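Given next are the chains, with one letter for each unit.
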Amino acid sequence: VQLVESGGGLVQPGGSLRLSCAASGFTFSNFAMSWYRQAPGKEREWVAVITSAGGSTNYADSTKGRFTISRDNAKNTVYLQMNSLKPEDTAVYYCNARFRWDNYWGQGTRVTVSS
C-alpha cells in the first residue's frame, strides 16, 4: 500500500496550490479519502473528506470556501485545490485512505505560506 503526496511548496499569501495523492496497492474506489494537516507544534487536524465515489465532500470550517477536494478513481488519485492561502495554512499535508478497518497514511507534503 502506498499513498504518495506531491504538490507542496512555498507560496505567497493569497496564492494557490494543488496537492495530489497517488494511491496504489489497494482498491482505491472503495475508500473514502481525506486530507489532514499538521502545523509546527500542533496536533494533526482534519481538512477535508470525499466519499468513495466522489459524490459527497465535507470540509473543516477553517478551509471551507477556499479548499476543494476531488478524486479521479480512474487514476487512483485524490486532489486538494487550495486557494486564497493564508500563513496559518502552513503545515505538512497528509493524505488518508479509510475503508472499514483499513486506514492508510501518506508521508506528507510540506506547504509554506509566506511572503
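Attention here is on the structure that accompanies the text. Because the structure is a prediction, the values reported are computed rather than measured.

Rules used throughout
Residues numbered from 1 in each chain as written. Predicted model: local features only at pLDDT ≥ 70, side-chain atom pairs only at ≥ 80, totals over all residues. Heavy atoms only, no water. Phe/Tyr/Trp six-rings, centres within 6.5 Å; stacked < 30°, edge-to-face > 60°. Buried < 20%, exposed > 50% of the residue type's maximum accessible area, 1.4 Å probe, protein only. Lys NZ or Arg CZ within 6 Å of the ring centre and 35° of its normal. Salt bridge = Lys/Arg side-chain N within 4 Å of Asp/Glu carboxyl O. Helix = DSSP H or I, 4+ residues; strand = E, 2+ residues; numbered from the N terminus. Contact = heavy atoms within 4.5 Å.

## Observations concerning the packing of aromatic side chains
Per the counting criterion, the structure on display carries six aromatic pairs. With 6.5 Å between their ring centres and 50° between their planes, Phe26 and Phe28 make a pair best called tilted. With respect to burial, Phe26 and Phe28 carry one shared label: buried. Among the aromatic residues, ring-to-ring pairing joins Phe26, Phe28, Phe31, Phe99 and Tyr104 into one connected group. Residue placement shows Arg18 over the ring face of Tyr79; its charged tip is 4.0 Å from the ring centre.

## A short note on the pattern of salt bridges
Tallied over the entire structure, the rule returns four salt bridges. The partner of Asp89 in a salt bridge is Arg37, with the nearest N and O atoms 2.9 Å apart. Of this pair, Asp89 sits in the loop between β8 (77-82) and β9 (91-99) while Arg37 sits in strand β4 (residues 32-38), and the two are 52 residues apart along the sequence. In this structure, Asp89 and Arg37 share a single accessibility class: buried. What emerges from the salt-bridge pattern is a single network uniting Arg37, Glu45, Arg66 and Asp89.

## Here's the deal with the side chain of Thr63
Here Thr63 shows up in the loop between β6 (57-59) and β7 (67-72). Setting aside residues no more than four positions away along its own chain, Thr63 makes contact with Arg37 and Val47.

Worth remembering: the numbers are spatial, not functional.
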